[in-house]
Amino acid sequence: MSFENLLQRLQALDAVLSSEGTAKRISAAGAFAAIGEYKNRIFVDGLATDGSAIGQYSTRPYYQNPNALIGVPTGGVSPQGRNGSATFKNGKPKKTRYLPGGYAELRELTGRQSNTVDLNFSGSLERSVMVTQTDSVASITYTNEFEAEKMEGNEIRFGKTISEPSEDERQIGINAAAEELRTILNEID
């Protein structure tokens, strides 16, 4: 290869590597590769960033209004008092359901698992996690402010870091970004 050909190749390489489009592609590849593992860790496996279980659902008894449940099937959560009756002594219908097994029981009545915290009740928290792009940087972001606050509250409540990517998730993103860079470099030829 002549010096002039080498110089042209280096200039082409510089143009590609300094391009905002290249940075966007590499960043997006890393984020999209990591988001699946990220969501699976939190919303399926119920694990904190360090790989430990997020926690256990409460079994403290409480009353739940079935009308307040949004985005979940409520067939198993019909009004019922402590005594098992759906009406008061005066015949008026009750509006809440007594749950002696606490939130864990509510999850079971709505068809959710209750063995370990997976932060997936209605699915709204998981749906708010998306890859977003700002300039040339792609990020895994909570796109709904209310859901982001819900995640922060759960981190405080369980005393665990949950929303930060794990080292494995970071490495998956890095590997995908490196592979995308190799693909881009091969496109120069």
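So, a few notes on the structure that sits alongside this text. (Residues numbered from 1 in each chain as written. Predicted model: local features only at pLDDT ≥ 70, side-chain atom pairs only at ≥ 80, totals over all residues. Heavy atoms only, no water.)

## What to know about the side chain of arginine 41
Next up, step 1: Within the secondary structure, arginine 41 sits in helix α2 (residues 20-43).
Next up, step 2: Excluding its chain neighbours within four sequence positions, the residues that come into contact with arginine 41 are Gly46, Leu47, Ala48, Thr49, Ile162, Glu164, Pro165, Ser166 and Glu169. (Helix = DSSP H or I, 4+ residues; strand = E, 2+ residues; numbered from the N terminus. Contact = heavy atoms within 4.5 Å.)

## Notes on helix α5 (residues 145-158)
Next up, step 1: Over its 14 residues, α5 runs 20 Å from end to end, which matches the ideal 20 Å to within 8%, given 1.5 Å per residue.
Next up, step 2: All buried positions along α5 are accounted for by Glu147, Ala148, Met151, Asn154, Glu155 and Phe158. Burial along α5 is one-sided: seen end-on, the buried residues are contained in an arc of 120°. Seen from the buried face of α5, the exposed residues on the opposite side, beyond 90 degrees, are Glu145, Phe146, Ile156 and Arg157.
Next up, step 3: A distance of 2.8 Å separates the backbone nitrogen of phenylalanine 146 from a side-chain oxygen at the start of α5, and that oxygen is part of asparagine 144.
Next up, step 4: Directly after α5, the chain includes glycine 159, whose backbone phi takes a positive value near 65°. (Expected span 1.5 Å × (residues − 1). Buried < 20%, exposed > 50% of the residue type's maximum accessible area, 1.4 Å probe, protein only. Arc of directions from axis to C-beta. Polar contact = N/O pair within 3.5 Å; in protein donor to acceptor, adjacent residues only side chain to side chain.)

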